[in-house]
Amino acid sequence: MTQSEAMTQGGAMSGGSGEGRFEVTPGMRRLGASVLGMEAIVVALFIPVAIAVAHVDTAVAVSVGIGLAVLCVMAAGMLKRPAGYIAGSVVQLLAIATGFLVTTMFVLGAIFAALWITAIFVARRVEGATKR
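## Here's the deal with the packing of aromatic side chains
Next, step 1: Counting across every chain of the model gives 2 aromatic pairs.
Next, step 2: Ring geometry for F100 and F106: centres 5.1 Å apart, planes at 85°, overall edge-to-face.

## Some words on the confidence of the model for the protein chain
Next, step 1: Overall, the predicted model of the protein chain reaches an average pLDDT of 86, with 83% of residues at or above 70.
Next, step 2: Within the protein chain, helix α1 (residues 3-8) has the poorest average pLDDT of any element, 43, and helix α3 (residues 58-77) the best, 98.

## Observations concerning the environment of T58
Next, step 1: Relative to the helices and strands, T58 is located in helix α3.
Next, step 2: In sequence terms T58 and I47 are 11 residues apart; their C-alpha atoms lie 8.2 Å from each other.

## Focus on the environment of V24
Next, step 1: In this fold, V24 is placed in the loop between α1 and α2 (26-52).
Next, step 2: The exposure class assigned to V24 is buried, which follows from its relative accessible area of 0%.
Next, step 3: Separated by 99 residues in the primary sequence, V24 and A123 place their C-alpha atoms 9.8 Å from one another.

## Description of the environment of G128
Next, step 1: Turning to its location among the elements, G128 is positioned in helix α5 (residues 104-131).
Next, step 2: On the basis of relative accessible area, G128 is assigned to the partly exposed category, the value being 27%.
Next, step 3: The sequence separation of G128 and T25 amounts to 103 residues, and the corresponding C-alpha distance is 9.6 Å.

Criteria and thresholds
Residues numbered from 1 in each chain as written. Predicted model: local features only at pLDDT ≥ 70, side-chain atom pairs only at ≥ 80, totals over all residues. Heavy atoms only, no water. Phe/Tyr/Trp six-rings, centres within 6.5 Å; stacked < 30°, edge-to-face > 60°. pLDDT = per-residue confidence, 0-100. Helix = DSSP H or I, 4+ residues; strand = E, 2+ residues; numbered from the N terminus. Buried < 20%, exposed > 50% of the residue type's maximum accessible area, 1.4 Å probe, protein only.

Dropping the structure here:
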């Protein structure tokens, strides 16, 4: 199957010779976008917690919270291509890193990272089983 044929069947692949292909499936896009959408809400709610409970400077809390929420939405919009999954993975690392501002975010970031990984692998497994 050529790359153009695979793309017309709903999957985008990275360039290369055929090995190491990353095929994006509709289920992966749906689950990944769901995880990133929920994460954007949680990260936006991080702002008042960071200011009131952790006593983080307001400008820092707002910049980090809104910046990460926007990155979540942008990554969700990029999920038609493999680069979107790289962006989503970077968002997961950044969400975990916000734990240095609010300790609870270490746990929440790890939960969302686990959901992100699960969304990718479960969707690929389910769609692979339904193709058989």
